[in-house]
Amino acid sequence: MTHKIPTDLLKKSAYWREDIQFTQDVLGKPFHFTSTWGIFSPEKLDEGSLMLLDYIEFKDDDHSIDLGCGYGVLGMTAARECPNGQHLLIDKDFVAVEYAKLNCQKNHLDNAQVQLSNGFRDVEKDKKFSLVMSNLPAKASKEQHYLYLLDAYNAMESGARFYVVTINGLRDFMKRSFTEVFGNSDKLKQGKTYTITMAVKD
């Protein structure tokens, strides 16, 4: 006898294939988001990114990069808060890049650019940034984290800031690796789940 997939499951799958739409305030102002299943935290902004944004010092003329942008909230916020700068959002996931581009367009962020890149591999070598932001993935390897930091260091201006949010289990690693690469590390906040850490390029 031939197996038949339950009708209700087929109906649900059709719904799951549709884009997810939601509006959420970021730093007191609304953004409109489109996302999809398969991207990190598709139905609402994740707590780690929102916590990180509360501790970033944005300057009007910052040129920023959102490292591992997902569907774009960090880079989008920088583009809005730093209108006199240019802002690059990168991710190695082509689906995330597609939706980050869509979200920048629908929120009229003309000073934001989105591109596919595994870390800094495909970022133009002459680009320099005063602000680097990342919600670092807990499952990435130690080697990958070091490559992110080393490549960021080379792409940062003197005095540039690098802000990261990690799960608490990575806070000691971030302190050690930031100190090795930048010569400094500052824990800005440790919450129940996440830690905000920053380093400055001298």
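Refer to the structure printed above.
A closer look at unusual backbone geometry
The phi angle of most residues is negative, glycine excepted, and most peptide bonds adopt the trans form.
Now for step 1: With phi around 55°, Leu27 is a residue other than glycine that occupies positive phi space.
Now for step 2: Tracing the backbone through its elements, the reader meets Leu27 in the loop between β1 (20–26) and β2 (29–35).
Now for step 3: The partly exposed category is assigned to Leu27, whose relative accessible area is 36%.
Now for step 4: Here the phi dihedral of His108 falls at roughly 60°; this positive angle occurs in a residue that is not glycine.
Now for step 5: By the element assignment, His108 lies in the loop between α4 (94–106) and β5 (112–116).
Now for step 6: For His108, a relative accessible area of 64% corresponds to the exposed category.

Thoughts on helix α5 (residues 142–155)
Now for step 1: Compared with an ideal rise of 1.5 Å per residue, which puts 14 residues at 20 Å, α5 spans 20 Å between its outermost C-alpha atoms and is within 8% of the ideal.
Now for step 2: Of all the positions in α5, only Gln144, His145, Tyr148, Leu149, Ala152 and Ala155 are classed as buried. Axial view of α5: buried residues confined to an arc of 140°, hence all on one face. Exposed side chains of α5 directed beyond 90 degrees from the buried face belong to Glu143 and Asn154.
Now for step 3: Its buried side turned inward, α5 meets β3 (64–67), β6 (129–135), β7 (156–167) and α6 (171–182).

So, a nonpolar patch on the surface
Now for step 1: There is a patch of nonpolar side chains on the surface, built from Ile5, Leu9, Leu10, Tyr15, Trp16 and Trp37 and spanning about 660 Å² of accessible area.
Now for step 2: Relative to the assigned elements, Trp37 resides in the loop between β2 and α2 (47–55).
Now for step 3: Residue Trp37 is classed as partly exposed on the basis of its relative accessible area, which comes to 43%.

Brief notes about the side chain of Asn135
Now for step 1: With respect to the helices and strands, Asn135 occurs in strand β6.
Now for step 2: A polar side-chain atom of Asn135 sits 2.9 Å from a polar atom in the side chain of Asp46.
Now for step 3: Among the polar contacts listed, one links the side chain of Asn135 to the side chain of Ser49, at a separation of 3.0 Å.
Now for step 4: If near-sequence neighbours (up to four positions away) are discounted, Asn135 is found in contact with Phe40, Asp46, Gly48, Ser49, Leu67, Leu74 and Val165.

Considering the pairing of β7
Now for step 1: Across 6 bridges, β6 lies against β7 in parallel orientation. Along β7, the bridge assignment pairs Val132 with Phe162.
Now for step 2: For the handedness criterion, the β-α-β arrangement of β6, α5 and β7 is classed as right-handed.
Now for step 3: Strand direction decides the pairing type here: β7 and strand β9 (residues 194–200), joined by 7 bridges, are antiparallel. Counterpart to Thr166 in the pairing with β9 is Thr195.

Conventions used here
- Residues numbered from 1 in each chain as written.
- Predicted model: local features only at pLDDT ≥ 70, side-chain atom pairs only at ≥ 80, totals over all residues.
- Heavy atoms only, no water.
- Helix = DSSP H or I, 4+ residues; strand = E, 2+ residues; numbered from the N terminus.
- Buried < 20%, exposed > 50% of the residue type's maximum accessible area, 1.4 Å probe, protein only.
- Expected span 1.5 Å × (residues − 1).
- Arc of directions from axis to C-beta.
- Contact = heavy atoms within 4.5 Å.
- Patch = residues over 30% accessible without salt bridge, like charges linked within 9 Å, V, L, I, M, F, W, Y side chains within 5 Å.
- Areas by Shrake-Rupley, 256 points an atom, 1.4 Å probe, with all protein chains shown as cover.
- Salt bridge = Lys/Arg side-chain N within 4 Å of Asp/Glu carboxyl O.
- Polar contact = N/O pair within 3.5 Å; in protein donor to acceptor, adjacent residues only side chain to side chain.
- Pairing = 2+ DSSP bridges.
- Right-handed = clockwise from strand over helix to strand, strands pointing away.

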